[in-house]
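# Descriptive structure summary
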Amino acid sequence: MIAPVSSPALAGKPAILQKLGTARQQSAALRQLLSLLLTFLSSLLIVIAVEWVARGELTDIPAYLLSPSQPAFTTVGIVMLLMLLLDALFGRAHQSLLVVAPLVLIPAFLSNQKQHYLSDPFYPSDFLFARQIMELMPVMVRERPWTAVALAFGIIVSIAALALLWRYAWRHAARLSRKARVMRLSVCLPLAALFVSQMDATQYSFIREKLRIIPIVWDQKENYSYNGFILAFSLNLPMADVKVPAGYGQNAMDAIPARNYGYLPGPRQKPDVIMLMSESFWDSTRLPNLTFTPDPMPTIRAAQSGHVFSPEFGGMTANVEFEALTGFSNAFLPYGSIPYQQYVRKPIPSLATFFRGQGYAARALHPFSGWFWNRNEVYKAFGFEEFHTEDTMPPMEKRGIFASDDSLMKEIMREGDEMDRPFFFFAVTLQGHGPYEPNRYAENTVGIKGDLTDADRDALATYAQGIRESDQSLKMLMDWASRRDRETIIVLWGDHLPPLGSVYPNTGYMPEQVASRKAPLDVMKREHETPLVIWSSKKGVRKDVGTISPSQLPYHILKTAGYEHPFYTGFLGRVQKKYNIVDRYQLATRDNRTFPDWSRNEQDLDPMVRDYRYLQHDVMFGRKYGLDRFFPSHAWLVNQGSYSAARHM
């Protein structure tokens with residue numbers, strides 16, 4: 001029942017007029033309430049329809065809608081908010097339905113079709129690859145001709161129907177008063193701005209957590225399944241804005257000097273190369289006021305070449321891996337983006353394609369599922385011939401729930417012994433992954449002295465034991481390599497500092513539980529450096545590398561192996577002579593001069609950094625003007641049709 005509404009304007013008037021006026025006011029309030037209810041129901045139906053279309057079935061939708069842990073009704077609220085905003089702008093109640101429904105249903109349909117053909121959902125960044133989307137159309141027409149005909153007919157009918165409905169609704173929909181429009185805008189605009197501010201998936205958000213929105217960036221299929229299509233798509237929006245660098249074009253690319261290394265013979269005897277990205281590997285003895293007995297990492301300390309400056313902290317392993325394998329930099333990509341998820345959709349030059357061009361076998365190994373971080377597809381795009389996962393490798397000894405480094409090293413040695421030609425192996429370890437629960441190991445053999453809480457001591461003891469076992473595993477691999485006739489180069493580094501939580505602030509190592517994103521260089525190094533080993537079974541340790549970005553690893557690997565290359569040693573060689581750190585927030589030179597916020601003004605950009613950005617954009621998003629000159633082996637493999645996809649063996 002609507003409560004009586006009184007108005008000063010009715011005071012002093014006859015009772016009958018007061019009753020009529022009150023009835024009109026009550027009727028207006030009831031109409032507003034019914035209008036809001038209708039908008040809510042429309043939003044709910046839109047969300048159900050979107051999920052039905054995107055998933056291709058109804059069976060999962062009741063669980064999605066009714067689960068208290070999933071953000072279905074957050075999505076309904078967001079759609080309702082958008083509809084109210086658009087109604088206020090149009091000045092017509094429910095006119096927005098004709099905009100919002102197609103706006104979300106069409107991408108949902110594209111996502112359904114993309115999953116059918118490519119197994120991945122639809123990302124905002126897919127608009128950057130419109131050509132590839134169009135290339136799907138002939139495939140669909142061949143395989144499902146009647147579906148294609150129905151789709152074409154449906155598009156024509158839908159456009160005509162929308163035009164007629166829009167015209168009808170504009171003429172007959174209830175007009176909103178100026179007061180109603182202002183009220184909707186004043187409420188909805190701040191709420192919309194608040195929602196947009198919470199969509200940065202790389203930052204923790206209390207509000208987002210309470211709304212049950214969880215960015216599952218490492219597994220986009222689960223991201224879309226858990227959050228629903230609309231929210232998952234929104235979480236990926238910040239990554240879609242890849243701008244063309246000012247001045248990019250064929251003339252700019254032709255002006256970049258490239259020394260012709262593509263046809264040099266290389267070393268007389270080709271060395272085997274093993275790259276090991278060690279999960280969360282870090283020197284815990286850096287923590288102040290603590291003593292570790294014995295040293296958890298004596299092998300790595302003796303063979304240490306320098307440090308890697310990780311662009312990440314505690315996670316986002318794939319971004320470090322992207323730089324190390326390609327020589328490209330996350331600094332030139334939108335903040336929060338994950339190239340493995342958003343941008344690697346086609347063959348991209350990598351160390352795998354370089355070594356394959358030299359006659360090597362190129363193989364990736366990781367004792368976890370291949371779908372994680374989209375590695376199945378990425379390794380195909382990078383040109384690896386084979387990718388061995390936990391599903392295809394022999395059963396591995398575990399440390400807690402993760403495969404031990406010792407078992408992975410033994411698998412690398414086994415596969416290496418079976419090779420009859422030079423090989424390039426890239427492996428990602430898993431043992432060091434957090435959380436660092438007590439009792440992961442039967443015995444912690446590293447003693448820790450110092451003032452620590454019980455929880456911090458337990459976590460640190462587990463972590464230090466893992467480091468010691470990883471160090472011992474590397475020694476086993478180096479001993480094996482030393483006994484081989486062929487030179488073997490081993491490169492190991494940590495992808496980022498471990499997520500040790502309160503250990504960092506409680507020991508005074510850094511003020512927060514997570515590393516800084518912007519700080520003076522000495523602070524950034526302390527919070528982002530991980531150990532780096534570049535070692536040859538014939539030449540020993542490559543010394544004095546210093547602190548480098550992961551993108552400079554290809555340069556040092558190829559120089560150690562005795563190869564030259566237009567990009568990896570030529571262009572990156574020029575870059576590393578000046579800049580050892582290329583980070584999103586600052587450049588750092590080898591003599592520790594820094595250039596904070598260097599990317600804000602493209603007009604003042606160092607020509608070398610500008611050319612670096614041009615090259616990366618050209619290969620990943622552009623016209624590939626420089627592909628033949630800078631990546632001859634990759635271009636040759638693609639042109640010869642030898643660019644085979646990674647096999648899962």
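That block above? That's the structure.
For the structure given in this document, a descriptive report is provided here. (Residues numbered from 1 in each chain as written. Predicted model: local features only at pLDDT ≥ 70, side-chain atom pairs only at ≥ 80, totals over all residues. Heavy atoms only, no water.)

### Some words on the sheet that holds strand β14 (residues 579-582)
We apply this condition: Two strands qualify as a pair provided that DSSP identifies no fewer than 2 bridges between them. Going along the chain from the N terminus, every DSSP run of H or I of four or more residues is numbered as a helix, and every run of E of two or more is numbered as a strand. Axis lines are fitted to C-alpha atoms, over the contacting stretch for helices. Their N-to-C directions set the angle, which ranges from 0 to 180 degrees. Working rule for contacts: check all heavy atoms of both residues, and any pair within 4.5 Å makes them a contact.
Across the sheet, three strands lie side by side as β14-β15-β16; this open sheet has antiparallel pairing. Pairing within the sheet leaves two strands with one partner each, and these edge strands are β14 and β16 (594-596). For this sheet the average axis-to-axis angle between neighbouring strands, irrespective of direction, equals 10 degrees. One ladder, built from three bridges, connects strand β15 (residues 586-589) with β16; its direction is antiparallel. Paired with Leu587 across the two strands is Phe595, which belongs to β16. In this fold helix α22 (residues 566-578) packs onto β14 and β15, with an angle of close to 95 degrees to the strand it touches most, β14.

### Quick word on helix α7 (residues 178-197)
Since the α-helix turns once every 3.6 residues, residues separated by three or four places project in the same direction. Stated formally: Expected helix span is computed as 1.5 Å times (number of residues minus one). Note on exposure labels: buried denotes an accessible area under 20% of the residue type's maximum, exposed denotes more than 50%, and partly exposed covers the range between, all computed with a 1.4 Å probe on protein chains only.
The terminal C-alpha atoms of α7, which comprises 20 residues, lie 28 Å apart, in line with the 28 Å expected from a rise of 1.5 Å per residue. Every buried residue belonging to α7 is among Ala180, Arg184, Cys188, Ala192 and Phe195, and all of these are buried.

### Observations regarding the environment of Ala255
With respect to the helices, strands and loops of the structure, Ala255 is situated in the loop between α11 (250-254) and β1 (272-278). On the basis of relative accessibility, which here comes to 61%, the residue Ala255 falls in the exposed class. Taking the C-alpha atoms as reference points, Ala255 and Asp611, separated by 356 residues in sequence, lie 9.1 Å from one another.

### Some details on the pairing of strand β10 (residues 488-494)
Regular strands place their side chains on alternate faces of the sheet. Burial of β10 is extensive: seven of the seven residues sit out of reach of the surface. The alternating pattern of β10 places Thr488, Ile490, Leu492 and Gly494 and Ile489, Val491 and Trp493 on opposite faces, both of which are buried. Two strands pair when backbone bridges link them, and β1 and β10 are joined in this way by seven bridges, in the parallel orientation. Bridged to Val273 within β10 is Ile489. Note that β10 and strand β11 (residues 529-536) share five bridges and pair antiparallel. If you follow Trp493 over to β11, its bridge partner there is Leu532.

### Thoughts on the packing of helix α3 (residues 72-90) against α7
Applicable threshold: Any angle that falls under 35 degrees is termed roughly parallel, while one over 145 is termed roughly antiparallel, one within 65 to 115 roughly perpendicular, and all others oblique. We call a crossing left-handed when the near helix sits turned anticlockwise from the far one by less than a right angle, and right-handed when that turn is clockwise.
In the contact formed by α3 and α7, the axes pass within 9 Å of each other and the chain directions differ by 140 degrees. When the axis of α3 is compared with that of α7, the two are oblique. The handedness of the crossing between α3 and α7 comes out as left-handed. Of α7, the residues touching α3 (which contributes Ile78, Leu81, Leu84, Leu85, Asp87, Ala88, Leu89 and Phe90) are Arg181, Arg184, Leu185, Cys188, Leu189, Leu191, Ala192 and Phe195.

### Focus on the side chain of Ser337
Stated precisely, the cut-off is as follows: By the criterion applied in these results, polar contacts are pairs of N or O atoms within 3.5 Å in which, for protein atoms, one can donate a hydrogen and the other can accept it, and in which residues neighboring in sequence qualify only through two side-chain atoms.
Within the element layout of this structure, Ser337 appears in the loop between α13 (317-326) and α14 (339-342). Accessibility expressed as a relative area gives 2% for Ser337, which makes it buried. At a separation of 2.7 Å, a polar atom in the side chain of Ser337 contacts the main-chain carbonyl oxygen of Pro334. With near-sequence residues (within four places) excluded, Ser337 lies in contact with Met239, Asn319, Gln342 and Tyr343.

### Describing the pattern of salt bridges
The following threshold applies: We define a salt bridge as a side-chain nitrogen of Lys or Arg found within 4 Å of a carboxyl oxygen belonging to Asp or Glu.
Inspection of the entire model under this criterion finds 27 salt bridges. The residue Asp87 makes a salt bridge to Arg184 at a minimum N-O spacing of 3.9 Å. Highlighted residues: Asp87 in helix α3 and Arg184 in helix α7, separated in sequence by 97 residues. Assigned by exposure class, Asp87 and Arg184 land together as buried. Note that Glu564 and Lys559 form a salt bridge whose closest N and O atoms lie 3.0 Å from each other. A cluster of three or more residues bridged by salt bridges with shared partners is formed by Asp272, Arg484 and Arg486.

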